[in-house]
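Residue strings, one per chain:
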Amino acid sequence: MSDPRDPRDPYDRSQEPPADDVYGQEPWMLDPYADPYTGQTPGHLAPEYTPEQIYAQEPYVPGPETGQMLAQTGYSPDYQTGEFQVANQPEYEAWPTPDEMRVDEPQTESERSRGGRMAAAAAAAAAARPRLRSVRRQRGRRLDNTALVALGLIAAMAVALLLNRPHQWEQPALAADSSAPKAATVVCPGKPKAGADQIAVTNAAAGSGEVALSGPGAGKGSQANVGSGKVTNVSAKPGSVVVRAGKEVAPGLVAGRSTTKPLAATGCLPPQAEAWFPGIGAGATHNSILELANPNSGAATVDISLYDEKGVVAVPEDLRGVAIPGNTTRTFDLLNVIPREGDLSLKTTVVRGQAGVMVRDREVALETQAASEDYFPGQSTPAETNLLVGYPNSSASRTLTVVNPGDGQVSAELRLLTPKSVLTPEGAPEISVPPNGQTQVDLTKLLGKDSAGDAFGVEIVATGPVSTAMRSVDGGDVAITTATETVSEATAVVVPAGPAVGKKRVVISGPVAKTGSSGTVKVIPTNAKGKALKAKSVEVGPGVGAEIEVPADAALIQLVPEGVEVNAAVVMSGDGDAVVPFRPLRSEVRTAGVAPGLPLPLGP
């Protein structure tokens, strides 16, 4: 043991000469904070480093290579796979900050001469060593207490919402919901110049109650009592009539307008956003009357487009953006608005409000100026396949009009609908329709009794969407057949009854597509008092149709398809001919399904 009185520390090596071996284990090698240049001659002074430069250097960590890697990266090697695995992140002593390294930095000349700023910084670091912070390596930003509290509140709210949910962990159903309509409005066109006129209203469902009639044809307005299956006839003036029904009668509301001597009939339709009328006239012998009825109190605006064989026709100023005040009807005689030879095709688009669009087609004899009018049902949307079901058995002329609203040439093929099949007749014309134009084809000979005596309809299959209509004229009387809508559920039409109507037949066309299904269609006629007449059922399928005659006193004809989609119309004859197509009955309103709350998992 050393003498306690000896002031010399036995471990103090400061008085010994420095070792010549630069690779020896000198104290400064074990202490990363020591200055290796301390004590050297002035000629070998270390370069001056700022604390920031020293702080940027990686610290030397003694020990084996794995120990260095674990301390510096936090990853340990897997000696079996050769890959590095995440290890526990140990605590280590952090480097002092530059401000800490500048603590007590020497300012005298003598201190700078012994080691410069490097030595002063090392001394400051050694003095500050006991104050070094114990930190843990982190890969992300440290969350403060405020963020932790916010996350905790969000998690608590989510848990509370989940606890209040029903115990059934099933995805809520988003199916559309259907309900009966609470109101219904249909518009009846004005009366032709000649003939006894009547408006018929009924309910084809189980509803009964009162309906309100308004418009120019109703005068100051009136009320009518409507019963289920019973037809109520209401007298009206020549103008258009608006029929409104409340929730008791709205589901299954059916109305129509007809005249006898000469015979003309049509169904009253709800307001339409778009309607097509191929083959109207604006000449001396063939003329058409356009009616635009606004059933609401607010104003409405309707755009009108015209087409001929060459393309789009310039619309006169009177037909540009037609404004219709509330509860009024505007009537345009096309002979006076845009007189011209040849037929036109008309399109109406409601751009504001609502409007009922109707056309009456007129045939005028030049010698006597006698005119015959019939109603022209419009087509709501052009389609690639159009079925024109039902037309008079005999006519002096039949003219088919096909209008193409697209910008490209369209080709169309004509087929005949017969009770047993759909066939392409010999000598069928080739139909080519120009862009934004129309084409007219004479079908008088093709649909004659000698060539197609059993045919009851025409199918037009085109390479693009088209709108079609056929105009039949016999002895001055005119009848219009337009493309019918597909019906898959029960529907009905009202028709004129009495001795003035000699014959009525329901023409049904089954689905033409090969993928269509077969099914049964039931035809139920009733008289005005609601008494059921003789009902009939027929089997229809792809390419297979049927014709069913009904009694002359039938005022309501109900059509009930079962498992099949059909196109159908009623063809009437008497003092002239008339065709009334069946349309889908508005008996329910469908709304999108909405499921409130958080999304739930599909499985447990």
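Every chain is numbered independently, its residues counted from 1 as its sequence is written. Owing to the predicted nature of the model, reporting of local features is limited to residues with pLDDT of at least 70; listing and counting of side-chain atom pairs is limited to 80 or more, with chain, interface and lining totals taken over all residues. Hydrogens and water are ignored here; the side-chain numbers use all heavy atoms of the structure.

> Describe the packing of aromatic side chains, listing the residues and the values that go with them.
Any pair of Phe, Tyr and Trp rings, taking the six-membered ring for Trp, is counted once the centres come within 6.5 Å. Such a pair is stacked with planes under 30 degrees apart, edge-to-face with planes over 60 apart, and tilted for the rest. Considering all chains together, one arrives at two aromatic pairs under this definition. Between W276 and Y307 the ring centres are 5.8 Å apart and the planes differ by 25 degrees, which places this aromatic pair in the stacked class. Linking W276 in strand 14 (residues 274-281) with Y307 in strand 16 (residues 300-308), this pair joins segments that are 31 residues apart in sequence. An angle of 75 degrees between the planes, with centres 5.7 Å apart, marks the rings of F277 and F376 as edge-to-face. Of the two residues, F277 is situated in strand 14 and F376 in strand 22 (residues 371-376); the sequence distance between them amounts to 99 residues. Burial status follows relative accessibility: with a 1.4 Å probe on protein chains alone, a residue under 20% of its type maximum counts as buried, one over 50% as exposed, and anything between as partly exposed. The class of F277 is buried, set by a relative accessible area of 1%. Overall, the relative accessible area of 4% leaves F376 in the buried class. Helical segments are the DSSP runs of H or I of at least four residues, strand segments are the runs of E of at least two, and each set is numbered from the N terminus.

> Please provide a residue-by-residue account of the sheet that holds strand 10 (residues 232-234), values included.
The pairing criterion is simple: DSSP has to find at least two bridges between the two strands. Taken in spatial order, the four strands of this open sheet run 10-7-12-13, and their pairing is antiparallel. Bordering the open sheet on either side are strand 10 and strand 13 (264-267), each of which pairs with just one other strand. In this sheet, neighbouring strand axes are inclined to one another by 25 degrees on average, regardless of whether the strands run parallel or antiparallel. Examined bridge by bridge, strand 12 (residues 253-260) and strand 13 share four bridges and lie antiparallel to one another. Residue pairing for strand 13: G256 is matched across the bridge by G267. To define axes, lines are fitted to C-alpha atoms, for helices over the stretch in contact only, and angles between the resulting N-to-C directions are given on a 0 to 180 degree scale.

> Provide a residue-level description of empty space enclosed by the protein, including the pertinent values.
The method is simple in principle: a probe with the dimensions of a water molecule rolls over the atoms, and the space it marks as empty is what remains. The pocket and cavity definitions rest on a 1 Å grid over protein atoms only: a 1.4 Å probe that fits but cannot leave marks a cavity, an open set with protein on both sides within 12 Å along at least five of seven lines marks a pocket, and residues lining either have an atom within 4 Å of a point. Grid points are joined across faces, edges and corners, and a volume is the space filled by probe spheres set on the points. Following the criterion strictly, the structure yields seven cavities of 30 Å³ or more and no others. In this structure, the largest cavity occupies an estimated 160 Å³ of space. Along its surface, the largest cavity is lined by 16 residues, and T266, G267, L269, V357 and M358 are the ones closest to its centre. Top element by residues in the lining of the largest cavity is strand 21 (residues 356-364). It accounts for four residues. Throughout this entry, Asp, Glu, Lys and Arg are counted as charged residues, while Ala, Val, Leu, Ile, Met, Phe, Trp, Tyr, Cys and Pro are counted as nonpolar. The remaining residues, Gly among them, count as polar. Of the residues contributing to the lining of the largest cavity, the split by class is 11 nonpolar, five polar and no charged. In this model, the second largest cavity occupies a volume close to 60 Å³. Along its surface, the second largest cavity is lined by Q198, A200, G256, R257, S258, A265, T266, V494, V495, P496 and V580.

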